[in-house]
Amino acid sequence: MQSIIEKDKTYIADTYARFPVAITHGKGSELYDADGKRYIDMGSGIGVTAFGTADDEWVNAVTSQLAKVQHTSNLYYTEPCAALAELLCEKTGFKKVFFSNSGAEANECAIKAARKYAAEKKGADCYTIVTLRGSFHGRTLTTLAATGQDHYHELYQPLTPGFAHISVDNIYELTALAARTKIAAILFECVQGEGGVNPVPKEFLAQIAEFAAKHDILLIADEVQTGNGRTGTLYAYMQCGITPDIVTTAKGLGGGLPIGATLLGEKVQNVFGHGDHGSTFGGNPIACAGALSILRRIDDKALDEVKAKSAYIRGELEGAKGIESISGMGLMVGIKAKRPSIDIVKECNEKGVLCLTAKDKVRLLPALNIPMDVLSEAVAVIKEVCAKE
Ligand SMILES: *Cc1c(COP(=O)(O)O)cnc(C)c1O
């Protein structure tokens, strides 16, 4: 394992503070490192491997497409891409889909769609996109500008102009902003993931939605992390009492292959014409075949399982020694412990349980189908580590 780590440190740009673990293979919610040590995967590659590692159904879907055609470019039609878009629209009521390769790109597409819609409908000076403080929307210059955390902005000035941030639960900031700036769209996560697994209060989402409806401002839900069954509904907005005009998603949709999707609702369904947007890899048949197999499996039974496991985790951890509070929705769980989150994650790693951090929280994003016995084994370790003085 040491040789992999040394080579990586020599040749890979130093942007990631990696844990000293080199994963070689796995099955379901269990992973193995180059020294043969077993880990329980409570992070699923940051919410990506929705049904676990090397899941049979997903592997079959991907490899059978791989043997047919791996890429065509968007000059031609392919079946998996059309079938995935159809299923996404059927399951959500959205009208059209644009495929890309990541969450940031899905958000870029949403921002472009909102800018074009607003410029055509409300004038070229209507371009401001409002986002929430504490949000995370991606690493491109534009999605960094959208991200409502100053520390991400400092190194890369100037960022794309036309973004403004308001605080969660402060609708007056929005109305005050609207009095001096034309607003094209409001972009938000229903549960802020990277920002600390913080659900945005439903009452505030309702206030935003009411204001947006009154002023023909588009609502964009960033469901890159919350989407695809993670929170107990197919998309988190479905349990928040709002209907966005645009939904972006990625992470869990592909089950481990890069894909992003931007779902366009009634208002914006025809905003793009030929040449207005594009992506060489977007809608790649292999990524789409894998995603189709994932999306088909996120039915009521799978979602009920997510809710039951979420309740189990909360029941075990709420009020446990060393734990101050639990946040999140479904299998997106934030643990505020007495000790620093990074220390807890490091100790869990050593004990064979892979967890994530989100600011001061330990973040859990296990596979939606993690077996109960594996889950309870992991929860016992997390509990034990949190309880340490
Ligand atoms: C991860 C994430 C992104 C960025 O996705 P990438 O695939 O890394 O570009 C955007 N928004 C949210 C809410 C995310 O969690």
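The model shown is predicted, which means the values in this text are computed figures rather than measured ones.

1. Considerations on the overall build of the protein chain
Check the secondary structure of the protein chain and you find 12 helices and 17 strands. Here the C-alpha radius of gyration of the protein chain, 21 Å, is about what a compact globule of 389 residues would show, namely 21 Å. For the protein chain, the spread of C-alpha atoms along the three principal axes comes to 60 × 50 × 45 Å. Relative to its full complement of 389 residues, the protein chain shows a buried share of 54%. Long-range contacts, defined here as pairs at least 24 residues apart, represent 71% of the contacts in the protein chain between residues at least 6 apart. Between the averaged position of the 41 positive side-chain charges in the protein chain and that of its 46 negative side-chain charges there is a distance of 2 Å.

2. Quick notes on the sheet that holds strand S5 (residues 128-132)
Sheets are built from strands paired through backbone hydrogen bonds, the pairs being either parallel or antiparallel. Here seven strands make up an open sheet; going across it, the order is S4-S12-S11-S10-S7-S5-S6 and the pairing mixed. Either end of the sheet is taken by a strand with one partner, and the two such strands are strand S4 (96-100) and strand S6 (163-166). Between one strand and the next, the sheet's axes are offset by a mean angle of 20°, whatever the strand orientation. Here four bridges tie S5 to strand S7 (residues 183-188), and the two strands are oriented parallel to one another. When the sheet's bridge partners are listed, threonine 128 is paired in S7 with isoleucine 183.

3. Notes on the site of the ligand
Near the ligand the following residues occur: Ser102, Gly103, Ala104, Asn107, Phe136, His137, Gly138, Glu189, Asp222, Val224, Gln225 and Lys251. A distance of 2.8 Å is found between an oxygen atom of the ligand and a backbone nitrogen or oxygen belonging to alanine 104. Between the ligand and the protein, one listed contact pairs a nitrogen atom with a backbone N or O atom of phenylalanine 136 at 3.3 Å. Burial of the ligand by the surrounding chains reaches 81%, relative to a free accessible area of 380 Å². Among the elements that line the shell around the ligand, the one with the most residues is helix H5 (residues 103-122), at three residues. Looking at side-chain class alone, the shell around the ligand contains three nonpolar, six polar and three charged residues.

4. Topic: the side chain of glutamine 192
Along the polypeptide, glutamine 192 turns up in strand S8 (residues 191-192). Those residues within four positions of glutamine 192 in sequence are excluded, and the remaining contacts are Leu132, Arg133, Gly134, Ser135, Val168, Val197, Asn198 and Val200.

5. Observations concerning the environment of glutamate 377
Within the secondary structure, glutamate 377 is located in helix H12 (residues 372-387). Residue class for glutamate 377 comes out partly exposed when judged on its relative accessible area of 37%. Separated by 337 residues in the primary sequence, glutamate 377 and isoleucine 40 have C-alpha atoms spaced 8.4 Å apart. In contact with glutamate 377, not counting residues within four places along its chain, are Arg38 and Ile40. A polar contact is formed between the side chain of glutamate 377 and the side chain of arginine 38, at a distance of 2.9 Å.

6. Some thoughts on the packing of aromatic side chains
One pass over the full model with this rule turns up two aromatic pairs. Seen in terms of ring centroids, phenylalanine 94 and tyrosine 237 are 6.2 Å apart; in terms of plane orientation they differ by 75°. Their pairing is edge-to-face. Within this pair, whereas phenylalanine 94 is found in the loop between helix H4 (79-92) and S4, its partner tyrosine 237 is found in the loop between strand S10 (218-222) and strand S11 (246-249), the two being separated by 143 residues in sequence. For the pair formed by phenylalanine 94 and tyrosine 237, the shared burial category is buried. Aromatic pair phenylalanine 136 and tyrosine 152: ring centres 5.5 Å apart, planes at 55°, arrangement tilted. Of this pair, phenylalanine 136 sits in the loop between S5 and helix H6 (141-146) while tyrosine 152 is found in the loop between H6 and S6, placing the two residues 16 residues apart along the sequence. When its relative accessible area of 18% is taken as the criterion, phenylalanine 136 is described as buried. Residue classification places tyrosine 152 among the buried residues on the basis of a relative accessible area of 11%.

7. Regarding the pairing of strand S13 (residues 323-329)
Counted residue by residue, S13 has five buried out of seven residues, so it is predominantly covered. Strand direction decides the pairing type here: S13 and strand S14 (residues 332-337), joined by six bridges, are antiparallel. Along S14, the bridge assignment pairs isoleucine 326 with isoleucine 335.

8. Some remarks on the domain arrangement of the protein chain
If you check the domain split of the protein chain, you get domain 1 (2-54 + 300-387) and domain 2 (69-295). Here domain 1 and domain 2 have C-alpha centroids that lie 26 Å from each other. Across the boundary between the two partners, domain 1 contributes 25 residues, which contact 26 residues of domain 2. In total, about 2000 Å² of surface goes out of reach between domain 1 and domain 2, with carbon and sulfur atoms giving 64% of it. If you sort the residues of domain 1 by the area they bury against domain 2, Met329, Met332 and Lys359 come out on top, with a joint share of 34%. Summed over the shared surface of domain 1 and domain 2, the number is one salt bridge.

Reading guide: rules and limits
- Residues numbered from 1 in each chain as written.
- Predicted model: local features only at pLDDT ≥ 70, side-chain atom pairs only at ≥ 80, totals over all residues.
- Heavy atoms only, no water.
- Helix = DSSP H or I, 4+ residues; strand = E, 2+ residues; numbered from the N terminus.
- Rg over C-alpha atoms; globule rule 2.2 N^0.38 Å.
- Buried < 20%, exposed > 50% of the residue type's maximum accessible area, 1.4 Å probe, protein only.
- Contact = heavy atoms within 4.5 Å.
- Lys, Arg positive; Asp, Glu negative; His and termini not counted.
- Charge placed at Lys NZ, Arg CZ, Asp CG, Glu CD.
- Pairing = 2+ DSSP bridges.
- Axes fitted to C-alpha atoms, helices over the stretch in contact; angles between N-to-C directions.
- Near = heavy atom within 4 Å.
- Polar contact = N/O pair within 3.5 Å; in protein donor to acceptor, adjacent residues only side chain to side chain.
- Areas by Shrake-Rupley, 256 points an atom, 1.4 Å probe, with all protein chains shown as cover.
- Nonpolar A, V, L, I, M, F, W, Y, C, P; charged D, E, K, R; others polar.
- Phe/Tyr/Trp six-rings, centres within 6.5 Å; stacked < 30°, edge-to-face > 60°.
- Domains from an automatic or database assignment.
- Buried area = accessible area lost by both parts, 1.4 Å probe.
- Salt bridge = Lys/Arg side-chain N within 4 Å of Asp/Glu carboxyl O.

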